[in-house]
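So you can see what is in the structure, the chains are spelled out below.
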Amino acid sequence: MHRFFIPPAWIHGETVLLSDDVAHQLRHVLRLRPGARIVVLDDRGWEYEVELLTVEHKAARGMICERRPAGGEPPVQLTLAQALLKKDNFEWVLQKGTEIGVTRFVPLITARTVAAGDEGISPAKRERWARIVREAAEQSRRGALPVIEAPLTFSAALNSLSADLTLIAWEEERAISLRQALAELRGADVSQVTVFIGPEGGFTVQEVAQAQARGAQTVSLGTRILRAETAATAAALLVLYELGALDPH
Ligand code: SAH
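The following paragraphs examine the structure supplied in this document. (Residues numbered from 1 in each chain as written. Predicted model: local features only at pLDDT ≥ 70, side-chain atom pairs only at ≥ 80, totals over all residues. Heavy atoms only, no water.)

So, the environment of Glu242
In step 1: Along the polypeptide, Glu242 turns up in helix 8 (residues 228-242).
In step 2: Sequence spacing of Glu242 and Pro199 is 43 residues, and the spatial spacing of their C-alpha atoms is 25 Å.
In step 3: Setting aside residues no more than four positions away along its own chain, Glu242 makes contact with Arg179, Leu182 and Arg186. (Helix = DSSP H or I, 4+ residues; strand = E, 2+ residues; numbered from the N terminus. Contact = heavy atoms within 4.5 Å.)

Structure follows, in structure tokens:
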């Protein structure tokens, strides 16, 4: 069944009124007819199975058949603090990170970030990011939309992001792997993890030292050097895997 995150204001008692791009999608892309069922999500923890009553050009109306907890969210809140990347790579991280289960993305401006200076983050780009994340969340059956924060400088991110555990992936780390860093926490109640991933050129030594001074743990993702977008998706998956957050429940 197709899933759509909708503004809660579209829900009126037992009826749902769908407009804008959702209505367009239903009628012109999916070509759904009255009687078809969809799932809508309010991004407040609930999903609703809806039977479509009318599907017009600019609006559709449906009747709620069932209301249930949305599910689909990992038991660990995972923040991915990702340095802005060139071209489509940042968007790729948003899409894949959402599928894997990242709960919050923090775009970072670091010493070696090249992307931000090029064009800045226009409102159009932020809208595009939000759409990529929403579509990925619908496709991967997330129960909540990951949050995309406004871009922060590396220092601001270190100061403002609190978590039970903060990891910074650093290719020069020779001693501690991601697995080891997480193993040390076995038994502890970890519900919030933040992972920092650098830009194409990596973090500077000063940045790494600054992160360590703020209590972040440097971790290796192996002896091979990964591209930033590969490192981001691999790290997100590995954190959730190691914490048992991918186990079916
Ligand atoms: N330009 C650097 C590599 C940067 S890779 C060089 O060639 O040495 C981009 C980012 O991915 C890094 O900042 C780091 O956060 C992450 N990364 C890539 N490979 C990694 C590895 N083997 N271990 C830990 N982090 C890694």
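A closer look at the site of the ligand
In step 1: Around the ligand, the structure places 19 residues, and the nearest of them are Ala169, Leu221, Gly222, Arg224 and Leu226.
In step 2: Taking Gly198, its main chain carries an N or O atom lying 3.1 Å from an oxygen atom of the ligand.
In step 3: For the ligand, the accessible surface in isolation is 560 Å², of which the surrounding protein chains cover 84%.
In step 4: Taken atom by atom, the bulk of the ligand overlaps the largest pocket.
In step 5: Taken together, the residues that form the shell around the ligand break down as 11 nonpolar, five polar and three charged. (Near = heavy atom within 4 Å. Polar contact = N/O pair within 3.5 Å; in protein donor to acceptor, adjacent residues only side chain to side chain. Areas by Shrake-Rupley, 256 points an atom, 1.4 Å probe, with all protein chains shown as cover. 1 Å grid on protein atoms, 1.4 Å probe; cavity = no way out; pocket = protein on both sides within 12 Å on 5 of 7 lines; lining within 4 Å. Sits in = over half its atoms within 2 Å of the grid points. Nonpolar A, V, L, I, M, F, W, Y, C, P; charged D, E, K, R; others polar.)

Focus: the layout of surface pockets
In step 1: Its boundaries defined by the atoms lining it, the largest pocket holds a volume of some 390 Å³.
In step 2: Around the largest pocket sit 23 residues that line it, and Glu171, Ile225, Leu226, Arg227 and Ala228 are the ones nearest its centre.
In step 3: No other element matches the three residues that helix 8 contributes to the lining of the largest pocket.
In step 4: Of the residues belonging to the lining of the largest pocket, the class tally is 11 nonpolar, six polar and six charged.
In step 5: Lining of the second largest pocket is provided by 15 residues; of these, Arg3, Phe4, Gln25, Glu135 and Glu138 occupy positions nearest its centre.
In step 6: Among the secondary structure elements, those contributing two or more residues to the lining of the second largest pocket are strand 1 (3-5), helix 1 (20-29) and helix 4 (123-139).
In step 7: A per-element tally of the lining of the second largest pocket places helix 4 first, with five residues. (Points joined across faces, edges and corners; volume = space filled by probe spheres on them.)

Remarks on the sheet that holds strand 1
In step 1: Across the sheet, which stays open at both edges, the six strands sit in the order 1-4-5-6-3-2 with mixed pairing between neighbours. This sheet does not close on itself; its edge strands, each paired only once, are strand 1 and strand 2 (11-12).
In step 2: Across five bridges, the pairing between strand 3 (residues 15-19) and strand 6 (residues 59-69) is antiparallel. Each bridged residue has a counterpart across the sheet, and for Thr15 the counterpart in strand 6 is Met63.
In step 3: Across the sheet, helix 1 touches strand 1, strand 3, strand 4 (37-41), strand 5 (46-55) and strand 6, and the angle it forms with strand 3 is around 90 degrees. (Pairing = 2+ DSSP bridges. Axes fitted to C-alpha atoms, helices over the stretch in contact; angles between N-to-C directions.)

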